Amino acid sequence: MEIKVSGYYWLDSWIMANIIQLATQEFCSNYLNYKNDPCGRQYDQMTQAARSGQANIAEGNSRHNTSRETEMKLTDVARASFSELASDYFNWLIKNGVAPWSNKSEEFKIVSYIQLDRPTYKDDVQHLSALHILTQKSKYSEWLSSTDSIKTANCILILCNRTILMLNKQLQYQLESFKQEGGFSETLTAERLSFKVQQEQQTGAPTCPKCGKPMIKRICKRGGNIGNSFWSCSAYPECNGSRKC
């Protein structure tokens, strides 16, 4: 059976989010214990933040064709989740008496300059995307598989910040797209208005006394005439022309 998959499988941000989620699960299993996390609260918070980042990128992208507003909101939630997670790794470092790597340091530059390969899968996407994620994660194995929690935390902190930058660009693109094309709800409203105009024209509806465009019948929702019908310009709110029925 062929499984239909969404476009997020091709997003670098989603691929990086999966690397971070896997690395965070491993980090928490390796370094959090009953002494430094007796109730398991930090384990839960870090792994849930990592999951939230990955899941909201996927869900947001899946809503692209039905609600641009929801897509942007979920992308922003993903960004906030990675900011929360980055803060946890920052705290881990300073709690251990060290500062994050300077952006002028050699290790910072090496990790930052590692580039993800572009996905090449054409079919069997779920299987091939999993292999792709594991291959990309292996590029960071020197740091993620280290027995030094400081080294690993620094690497994941860089990946979190890098993903936040990716999501900033996604949000900017989504906003510009929304400005130019609108969203699903706006399209539905326009289609419904067009249909009502066609219906009224077929029944001999009057034209607007102000701009001459077709009018549609509406129901007054407030004031002394509440519940009564009236003719309203189809170009409202650009034109507020009206007639009594």
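Going by the structure above, here's the rest.
The notes below deal with the structure included here.

What counts and how
- Residues numbered from 1 in each chain as written.
- Predicted model: local features only at pLDDT ≥ 70, side-chain atom pairs only at ≥ 80, totals over all residues.
- Heavy atoms only, no water.
- Helix = DSSP H or I, 4+ residues; strand = E, 2+ residues; numbered from the N terminus.
- Contact = heavy atoms within 4.5 Å.
- Buried < 20%, exposed > 50% of the residue type's maximum accessible area, 1.4 Å probe, protein only.
- Pairing = 2+ DSSP bridges.
- Axes fitted to C-alpha atoms, helices over the stretch in contact; angles between N-to-C directions.

1. As for the environment of Ile219
- Tracing the sequence through the fold places Ile219 in strand β1 (residues 215-219).
- Between the alpha carbons of Ile219 and Phe230 there is a distance of 6.4 Å; along the sequence they are 11 residues apart.
- When neighbours within four sequence positions are excluded, Ile219 is seen to be in contact with Gly227, Asn228, Ser229 and Phe230.

2. What to know about the environment of Leu32
- Summarising the element assignment, Leu32 is placed in the loop between α1 (12-31) and α2 (41-62).
- Take Leu32: its relative accessible area is 10%, and that puts it in the buried class.
- With sequence-adjacent residues up to four places away left out, Leu32 is seen in contact with Phe27, Asp37, Gln42, Tyr43, Met46 and Trp92.

3. Focus on the sheet that holds strand β2 (residues 229-233)
- If you walk across this open sheet you meet the three strands as β1-β2-β3, and the pairing is antiparallel. Among the strands making up the open sheet, the edge pair consists of β1 and β3 (242-244). Averaged over neighbouring strand pairs, the angle between their axes works out to 35° when direction is ignored.
- Pairing between β1 and β2: five bridges, direction antiparallel. Paired with Met215 across the strands is Cys233, a residue of β2.

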